[in-house]
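Coordinate inspection notes
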Amino acid sequence: MALTHAELLNAIDLALAGDWAECEPIEALVAAGCGGDDSSSEEFGSPANSDGDGTDSVGAYELGRGAGGQQVYRGSDLSYAMEITLEEAAHGKDTQIRIPSWDICDTCRGTGAKPGTSAKTCGTCNGSGTVHLRQGFFSIQQTCPHCHGSGKIIPEPCVTCSGAGKIKKQKTLEVKIPAGINEGMRIRSAGNGEPGTNGGPAGDLYIEIRIKQHDIFERDGDDLHCTVPVTMTLASLGGGIEVPTLSGRAEIELPEGTQHGKTFRLRGKGVKGIRSSYPGDLYCHITVETPVRMTEHQRKLMRDLDESFRKSGDRHSPNAKSWTDRVKDLFK
Ligand SMILES: [Zn+2]
Ligand SMILES: [Zn+2]
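The written sequence of each chain sets the order in which its residues are numbered from 1. Written order determines the labels here, with chains lettered from A and ligands numbered from 1. Only residues with pLDDT of at least 70 get local features here, since the model is predicted, and only at 80 or more are side-chain atom pairs given and counted; chain-wide, interface and lining totals rely on the full set of residues.

**Some points on the overall build of the protein**
For clarity, the cut-off: Secondary structure counts use DSSP, requiring at least four H or I residues in a row for a helix and at least two E residues in a row for a strand, with both numbered from the N terminus. Note that contacts rest on C-beta atoms placed from the backbone: two residues are in contact if these are within 7 Å.
Counting its secondary structure elements, the protein contains five helices and 18 strands. Taking the contacts inside the protein whose residues are at least 6 apart along the sequence as the reference set, 63% of them involve residues at least 24 apart.

This is how it looks when you write it as structure tokens:
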């Protein structure tokens, strides 16, 4: 899953805006020399990781030329999907993740060449890392397909690192998830992406938040919604019901004659978003349940009740009355 350029910019905005001091332990969030002029950026042939460590390569940016005339590339950004619960998103969470990291290969000291041999200048591009293609009147500069921009060819690659000059391993990163984070938001950890090529800066690591479906609550921005089933008798007579919130229990006082679909709002019992000054609200949607599997005695009580209701007309069913009137109008 590669991030588009727009998504990257969006993530950077998120990392720089608001109160992100809480995120400090995961490394400074200030942009680390990002790829220069956008028009010169290009995808660099860095294969996506498929070793199941939860990260994907995003693509590197060409930064210009290093001291040796070789092209310098910023390392690829990595993205890491993290799934958390709604409670963790609301209250924040300290956690650790395992991410890939790279060490300079000891065997070849980072050159990628077998000890005793050395890299040779690429014959295709004469060490410049780029080739010029002629198309009509235009000459187009492209990364050398032979050496992939490094300007060098390794005739005998180091056996330990297969010529990469670096060895991939895992490291543990402390992550502080800020309270109020929401689905799809990203936390950036500068410099924890893939290392750069030919001395270029490392890419960044993006932790993308996914929130697990909750058994009770549905989140809509800072607000929470839940459905509360109540019995027909309780809705009729009224009374207190207990409802869950993310911070313990709360009580709702149902008035006599509460209708199905009625919503009660518990102010401030939602989630306090990252950039919000106040927490959102909790909306409890009441569903009135029709009794099932009644005993003979209960059926008799229901019939008696029904008869009693009929005697006093339809004034006990406010919706039914207006509905009946509208139906009558329809057939006039
Ligand atoms: Zn090596
Ligand atoms: Zn070349």
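Having put the structure on the table, let's press on.
**What about the pairing of strand β12 (residues 205–211)?**
To keep it simple, the criterion reads: Strands were regarded as paired on the criterion that DSSP finds at least two bridges between them.
Bridge count between strand β4 (residues 78–84) and β12: seven bridges; the pairing is parallel. Looking across to β12, one finds that Ser 79 is bridged to Tyr 206. Here strand β11 (residues 186–189) pairs with β12 via four bridges, running antiparallel. Paired with Arg 188 across the bridge in β12 is Tyr 206.

**Concerning the nonpolar core**
Quick reminder of the rule: Nonpolar cores are identified as sets of buried Ala, Val, Leu, Ile, Met, Phe, Trp, Tyr and Cys residues joined via C-beta atoms within 7 Å. Using C-beta atoms placed from the backbone, we call a residue buried if 20 or more other C-beta atoms fall within 10 Å of its own, exposed if 12 or fewer do, and partly exposed for counts in between. Residue ranges assigned to each domain were obtained from an automatic or database domain assignment.
Counting 22 residues, the largest nonpolar core has Tyr 80, Leu 86, Ala 89, Leu 205 and Ile 207 as the members making the most contacts within it. Residue contributions to this core peak at four residues, all from β12. Looking at which domains feed residues into this core, each of domain 1 (5–104 + 169–211) and domain 2 (218–313) gives three or more. Residues within four places of Ala 89 in sequence aside, it is in contact with Ile 84, Ile 181, Asn 182 and Ile 211. Counting six residues, the second-largest nonpolar core is a separate cluster that includes Cys 108, Ala 119, Ile 154 and Cys 161.

**Some thoughts on helix α4 (residues 296–311)**
Owing to its 3.6 residues per turn, the α-helix brings residues three or four apart onto one side. Let me state the cut-off plainly: Each helix should span, by expectation, one fewer than its residue count multiplied by 1.5 Å.
The end-to-end C-alpha separation of α4 is 23 Å, in line with the 22 Å expected for 16 residues at 1.5 Å each. For α4, the buried fraction is low: zero of the 16 residues fall into the buried class.

**Brief notes about the sheet that holds strand β18 (residues 282–289)**
Filter applied, for reference: Comment: axis = line fitted to C-alpha atoms, over the contacting stretch for helices; angle = value between 0 and 180 degrees taken between N-to-C directions.
The four strands lie next to each other as β13-β14-β18-β17, forming an open sheet whose pairing is mixed. The sheet is open, and its two borders are formed by β13 (218–220) and β17 (263–266), each paired with just one other strand. The average undirected angle you get between the axes of adjacent strands in this sheet is 30°. Inspection of the sheet shows β17 paired to β18 by four bridges, in the antiparallel sense.

**With respect to the environment of Thr 197**
Mapped onto the elements, Thr 197 comes out in the loop between β11 and β12. Spatially, the C-alpha atom of Thr 197 lies 6.6 Å from that of Gly 75, the residues being 122 residues apart in sequence. For Thr 197, the residues in contact, after removing those within four places along its chain, are Val 72, Tyr 73 and Ser 150.

**Re the environment of Ile 241**
Within the secondary structure, Ile 241 is located in strand β15 (residues 239–245). Note on Ile 241: 19 C-beta atoms within 10 Å, which makes it partly exposed. Distance from Ile 241 to Glu 251, taken between C-alpha atoms, is 5.6 Å for residues 10 residues apart in sequence. With near-sequence residues (within four places) excluded, Ile 241 lies in contact with Val 228, Val 230, Ile 252 and Leu 254.

**A word on helix α5 (residues 318–330)**
Taking 1.5 Å per residue as the helical rise, α5 with its 13 residues ought to reach 18 Å, and the 19 Å between its terminal C-alpha atoms agrees with that figure. Counting buried positions over the 13 residues of α5 gives zero, only a small fraction of the element.

**Overview of the pairing of β18**
Sheet topology note: the strand β14 (residues 223–231)/β18 ladder contains eight bridges and is parallel. Following the sheet pairing, Thr 231 is matched in β18 by Glu 289.

**Overview of unusual backbone geometry**
Of note in the backbone geometry, Arg 109 takes a positive phi value of approximately 55° without being a glycine. Summarising the element assignment, Arg 109 is placed in the loop between β5 (93–104) and β6 (120–121). A positive phi is found at Asn 126, a non-glycine position, where the angle reads about 55°. Mapped onto the elements of the fold, Asn 126 is located in the loop between β6 and β7 (130–135).

**Here we look at the environment of Thr 143**
The topology assignment puts Thr 143 in strand β8 (residues 138–143). The class of Thr 143 is buried, set by 20 C-beta atoms lying within 10 Å. A C-alpha to C-alpha distance of 4.4 Å links Thr 143 and Thr 130, two positions 13 residues apart in sequence. Among all residues touching Thr 143, those that are not within four sequence positions of it are Gly 129, Thr 130, His 148 and Gly 149.

Keep in mind that these numbers describe shape and distance, not what the molecule does.
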